[in-house]
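Spelled out from the first residue to the last, the chains are:
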Amino acid sequence: MKTVSAERIQIANWGIEMATGVVIRQLRTGNLTPLAGTETLTGIHKQEIGSAYLNVNGLSDDHQGDKRHHGGPEKALHHFAADHYHRLRGELPAPASEHCQPGAFGENLVTEGFTETDVCAGDIFELGEAVIQVSQPRQPCWRLNLRFGIPDMSQRLQNSLRTGWYYRVLQSGTVSKGDVLRLKERLHEDWPLSRVLSLLYENTLDRTALAVMADINELSPNLKQLAKQRLETQQVESWEGRLFGPSKQGSVTGP
């Protein structure tokens, strides 16, 4: 008898809801400000707004401190599930736990009842006047350590496999708080972001899965290249520099 995983059941249930969609509870943009009293500038402290114009580079008046690793066409819009904040408040020490409110991770979109198990690589959504496509999950970086005052906050988020995700913009237009995110097309139903994240950080050298991931055209180029590199080298790229800062950059980390 063929079994169906809980993850597949959840995706199927979400499919039933796709016509209704998910309401955008908050829309957020941010200016550049110093990060945790340092000279490092960040756009993570985003404020609620009513509406904004969304183009290939993101929302109008939204800024990023490190444009090499944040923002741009493949990371135009950031979505973090508000559902995760309750768990984080229970796990993190004060005062970091007090930051665990919508907007804490610099997300542009705040929703409820919609997580990494509900969204798949390459999903295309309508949002207001815009059309957006899931490009990749977030890969947490060392700036979160400063933001929360916890030296390994980025690693904690990575290990949780609840990192949030990014969209690219297929059609520009105005988006607003209260708009409904409606699934228009699902191209890879077998690849929820929870599976992508597991491959990135748990089952890191699964050759069969890596080969498939490398051929998902709708994933961001850097993730496809990452999969190809693991296949070629049979090694996992270093996470140290990303998680703990440039001074920790290494060559290889274990699976």
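Quick caveat, the model's predicted, so the values are computed rather than measured. Starting from 1, residues in each chain are numbered consecutively following that chain's sequence as written. Note on the predicted model: pLDDT of at least 70 is required for a residue's local features to be given, and 80 or more for side-chain atom pairs to be given and counted; whole-chain, interface and lining totals, by contrast, use all residues. The side-chain quantities take in all heavy atoms of the structure and omit both hydrogens and water.

pLDDT is defined as a per-residue confidence score from the predictor, taking values between 0 and 100. Per-chain confidence: the chain averages 90 in pLDDT, with 88% of residues scoring 70 or above. Contacts are assigned to residue pairs that have any heavy atoms within 4.5 Å of one another. Note on residues 249-255: pLDDT under 50 across the span, and 17 contacts to partners over four residues away in sequence or across chains.

A separate point is the pattern of salt bridges. Throughout this description, the term salt bridge denotes a Lys or Arg side-chain nitrogen within 4 Å of a carboxyl oxygen of Asp or Glu. Counted according to the given criterion, the structure contains seven salt bridges. Between Asp62 and Lys46 there is a salt bridge, with the nearest N and O atoms lying 2.7 Å from each other. Taken together, the residues Asp62 in the loop between strand 7 (58-59) and strand 8 (77-81) and Lys46 in the loop between strand 4 (41-42) and strand 5 (47-49) connect sequence positions 16 residues apart. Here Arg87 ties to Glu91 by a salt bridge, and the two come within 2.8 Å at their closest N and O atoms. Counting from the N terminus, the helices are the DSSP runs of H or I reaching at least four residues and the strands are the DSSP runs of E reaching at least two.

This part takes up empty space enclosed by the protein. The pocket and cavity definitions rest on a 1 Å grid over protein atoms only: a 1.4 Å probe that fits but cannot leave marks a cavity, an open set with protein on both sides within 12 Å along at least five of seven lines marks a pocket, and residues lining either have an atom within 4 Å of a point. Grid points are joined across faces, edges and corners, and a volume is the space filled by probe spheres set on the points. One pass over the full model with this rule turns up one cavity of 30 Å³ or more. Estimates place the volume of the largest cavity at around 270 Å³. In terms of lining, the largest cavity is formed by 22 residues, of which the most central are Lys46, Gln64, His70, Gly106 and Arg138. The residue makeup of the lining of the largest cavity, split by class, is six nonpolar, 10 polar and six charged. Side-chain classes follow a simple rule in which Ala, Val, Leu, Ile, Met, Phe, Trp, Tyr, Cys and Pro form the nonpolar group, Asp, Glu, Lys and Arg form the charged group, and the remainder, Gly included, forms the polar group.

Time to look at the pairing of strand 14 (residues 180-185). Looking at chain direction, strand 1 (residues 22-23) and strand 14 are connected through two bridges and run antiparallel. By the bridge assignment, Val23 is partnered in strand 14 with Val180. We treat two strands as partners when DSSP finds at least two bridges between them.

Let's shift gears to the sheet that holds strand 7. Within a beta sheet, neighbouring strands are joined by backbone hydrogen bonds and run either parallel or antiparallel to one another. On the basis of which strands lie adjacent, the open sheet formed by three strands has the order 7-6-13 and antiparallel pairing. Each end of this open sheet is capped by a strand with a single partner; those strands are strand 7 and strand 13 (173-176). As judged from the two bridges shared by strand 6 (residues 51-55) and strand 7, these two strands associate in the antiparallel manner. Note on strand 7: the bridge partner recorded for Asn55 is Gly58.

So, about the packing of helix 5 (residues 193-201) against helix 6 (residues 207-214). One can describe the packing of helix 5 onto helix 6 by two numbers: an axis separation of 11 Å at closest approach and a directional angle of 120°. Classified by the angle their axes make, helix 5 and helix 6 are oblique. Crossing handedness for the pair helix 5 and helix 6: left-handed. Contacts from Arg195, Val196, Leu199 and Leu200 in helix 5 reach Ala209, Leu210 and Met213 in helix 6. Its residues assigned to classes, the contact of helix 5 with helix 6 shows six nonpolar, no polar and one charged. Fitting a line to C-alpha atoms yields each axis, with helices limited to the stretch in contact; the angle taken between N-to-C directions then spans 0 to 180 degrees. By the definition adopted for this analysis, an angle is roughly parallel if under 35 degrees, roughly antiparallel if over 145, roughly perpendicular if from 65 to 115, and oblique otherwise. Two helices crossing with the near one rotated counterclockwise from the far one by less than a right angle form a left-handed crossing, whereas a clockwise rotation gives a right-handed crossing.

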